[in-house]
There are 2 protein chains.
Amino acid sequence: MSGYVSEAVIRRLPAYNRHLHELEQEGVLQISSQELGERMQLTPSQIRQDINSFGGEGRQGFGYQVHELREHIRKIMGLTQRHRMVIIGAGRIGNAIANYDGFDHEGFTTVAMFDNDPEKWKQNGKIPVYDVSRMAERLPELEPDIAVLALPASAAQEMLNRLYEMGIRAVWNFTPVDLQYARDVAVVNVHMSDSLQILSYLMKHQND
Amino acid sequence: MSGYVSEAVIRRLPAYNRHLHELEQEGVLQISSQELGERMQLTPSQIRQDINSFGGEGRQGFGYQVHELREHIRKIMGLTQRHRMVIIGAGRIGNAIANYDGFDHEGFTTVAMFDNDPEKWKQNGKIPVYDVSRMAERLPELEPDIAVLALPASAAQEMLNRLYEMGIRAVWNFTPVDLQYARDVAVVNVHMSDSLQILSYLMKHQND
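Keep in mind it's a predicted model, so treat the numbers as computed, not measured. (Residues numbered from 1 in each chain as written. Chains lettered and ligands numbered in written order. Predicted model: local features only at pLDDT ≥ 70, side-chain atom pairs only at ≥ 80, totals over all residues. Heavy atoms only, no water.)

Colleague: Even after reading the chapter, I still don't get the environment of Gly56 of chain B, so can you show me in this structure?
Modeller: Residue and element names in this part refer to chain B. Within the secondary structure, Gly56 sits in the loop between helix 3 (44-53) and strand 2 (64-65). Residue classification places Gly56 among the buried residues on the basis of a relative accessible area of 11%. When near neighbours in sequence (up to four residues on either side) are disregarded, Gly56 contacts Ile51, Leu69 and His72. (Helix = DSSP H or I, 4+ residues; strand = E, 2+ residues; numbered from the N terminus. Buried < 20%, exposed > 50% of the residue type's maximum accessible area, 1.4 Å probe, protein only. Contact = heavy atoms within 4.5 Å.)

Right, here's the structure in full:
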């Protein structure tokens, strides 16, 4: 049905999801590529090309059905099913992720955290923090499909290898490490320092 | 000296900085585009093209001087000068950023936080948390050049407008909002939910 979805379009999918959700909340039932383009700061032809590439349907002169298009996008993004996350590392980054309500709301539930510091082996709100050395025993009952890497950089690659052996095939990586992984693993990096350095670059070259 | 630096190259600059730093720490003095490419998972010709575009110099048969090249990159990224950040919002995300030692180490010092909740107006380690309604008085003495948006999404755009009036021209945005801003403002977004949704997409399409 849908053709090849480029990386640039994949990167824009969450923005489509977000804007269409806002439109739903505003009670808007349908929208033209012109209007959607204005909201998303894209040209109408880019909007039509994007939506066509991932198999969304519009009607000449009527535009897109907001709810229908959003459901289509949620489906191709795998957001109509719930995901279970374990967070490796119960430091500040790990805790910020665990305690952020928004992810649960969007279907990403943190089911447990793991840390090597015994002082952290307790309940963090609704989320238990376990000994990382007992991860292999715990994972089968937790049934996670995503592991979040929020541990020191020096331990990241070895942890990814261990998680792979335990069957984890999706990793959300907060460590500043370019991980090496098998082709059947999905990895998305949140390199916070990189993003801050890019801001520094843009500041320096604002007036170029 | 340097030619046009594409957005793709700008996005890779932090990785160059990181890998060259690792090489320095390993005591490596010079490196060929071949070896650097293997580390960075780029082709040697891509490496040469990237470095050439931002004005780095290599010598045929000798490759690149590690320290010299890293200093050049740090300079064009504006990382040889220190930056002063204020964080708007002293919730979990704001605190995680404030307490992360790495940024300070890289020259990005958090000088203050602002929040509208009186219970948060106290010292957070070395960082004071002030009343957000008194921001206009406080900013001149704090001399920040970066504002970090870690407040509720609904307040983000108005806050950016206020910060602009107060002279802030660089924003690190953690809210899930596509901000509207003047051309002389540098904005980098860390849309955490977007990144998680992209992971979900990749998981669903791993076997396509």
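Colleague: Looking at this structure, how should I read the packing of helix 1 (residues 7-25) of chain A against helix 3 (residues 44-53) of chain A?
Modeller: In a packed pair of helices, the relevant descriptors are the angle between the two axes and the axis-to-axis distance. Residues and elements named next belong to chain A. Between helix 1 and helix 3, the shortest axis-to-axis distance is 11 Å and the interhelical angle comes to 100°. By the criterion of interaxial angle, the relationship of helix 1 to helix 3 is roughly perpendicular. Here helix 1 contributes Val9, Arg12 and Tyr16 to the contact with helix 3, which in turn contributes Gln46, Ile47, Asp50, Ile51 and Ser53. Residue composition of the contact of helix 1 with helix 3, by class: four nonpolar, two polar and two charged. (Axes fitted to C-alpha atoms, helices over the stretch in contact; angles between N-to-C directions. Parallel < 35°, antiparallel > 145°, perpendicular 65-115°, else oblique. Nonpolar A, V, L, I, M, F, W, Y, C, P; charged D, E, K, R; others polar.)

Colleague: Before we go on, may I ask you to explain the packing of helix 1 of chain A against helix 2 (residues 33-40) of chain A in this structure?
Modeller: All names here are of chain A. Here helix 1 crosses helix 2 at 110°, and the two axes come no closer than 11 Å. The pairing of helix 1 with helix 2 is recorded here as roughly perpendicular in orientation. The handedness of the crossing between helix 1 and helix 2 comes out as right-handed. Judged by residue contacts, Ala15, Tyr16, His19, Glu22 and Leu23 of helix 1 engage Leu36, Arg39 and Met40 from helix 2. Taken together, the residues that form the contact of helix 1 with helix 2 break down as five nonpolar, one polar and two charged. (Left-handed = near helix turned anticlockwise from the far one by under 90°.)

Colleague: Please clarify how the interface of chain A and chain B should be interpreted in this entry.
Modeller: Many structure descriptions define interface size as the accessible area lost when the parts assemble. Listed as interface residues are 59 residues of chain A and, on the opposing side, 59 residues of chain B. Taken as a group, Leu196, Gln197 and Tyr201 of chain A account for 13% of the area that chain A buries against chain B, more than any other trio of residues on that side. Put simply, chain A and chain B have four salt bridges between them. In this structure, Arg18 of chain B engages Asp194 of chain A in a salt bridge whose closest nitrogen and oxygen atoms are separated by 2.8 Å. Listing elements by their share of the side of chain A that touches chain B, those giving two or more residues are helix 1, helix 4 (66-76), strand 3 (83-88), helix 5 (92-99), strand 8 (170-173), strand 9 (186-189) and helix 9 (192-204) of chain A. Ranked by residues supplied to the side of chain A that touches chain B, first place goes to helix 9 of chain A with 13 residues. Classifying every residue of the side of chain A that touches chain B by side-chain character gives 33 nonpolar, 15 polar and 11 charged. (Buried area = accessible area lost by both parts, 1.4 Å probe. Salt bridge = Lys/Arg side-chain N within 4 Å of Asp/Glu carboxyl O.)

Colleague: How should I be thinking about the sheet that holds strand 8 (residues 170-173) of chain B in this particular structure?
Modeller: The strands making up a sheet are joined through hydrogen bonds of the backbone, oriented either antiparallel or parallel. Residues and elements named next belong to chain B. In spatial order, the strands read 5-6-4-3-7-8-9; together these seven strands make up an open sheet with mixed pairing. Of all the strands in the sheet, the pair left with one neighbour each is strand 5 (123-124) and strand 9 (186-189). Relative to strand 6 (residues 127-131), strand 5 runs antiparallel, the two sharing two bridges. Each bridged residue has a counterpart across the sheet, and for Gln123 the counterpart in strand 6 is Pro128. Relative to the sheet, helix 5 (residues 92-99) contacts strand 3 (83-88), strand 4 (108-115), strand 5, strand 6, strand 7 (146-149) and strand 8, its axis offset from that of strand 4 by approximately 155°. Sitting on the sheet, helix 8 (residues 156-165) touches strand 3, strand 7 and strand 8, and the angle it makes with strand 7 is about 170°. (Pairing = 2+ DSSP bridges.)

Colleague: Help me out: how do you make sense of the relation of the copies chain A and chain B in this one?
Modeller: Two copies of the chain are present, and they differ by a rotation about an axis and a shift along that axis. Rotating chain A by 180° and translating it 0.0 Å along the rotation axis places it on chain B, where the RMSD comes to 0.0 Å. Taken together, the rotation and translation relating the two chain copies correspond to the operation of a two-fold axis. Judged by C-alpha distance, Ala96 of chain A is the residue of chain A that lies nearest the rotation axis, at 3.2 Å. A symmetric contact is evident, with 100% of the interface residues of chain A recurring at the interface of chain B. (Least-squares fit on C-alpha atoms with pLDDT ≥ 70 in both.)

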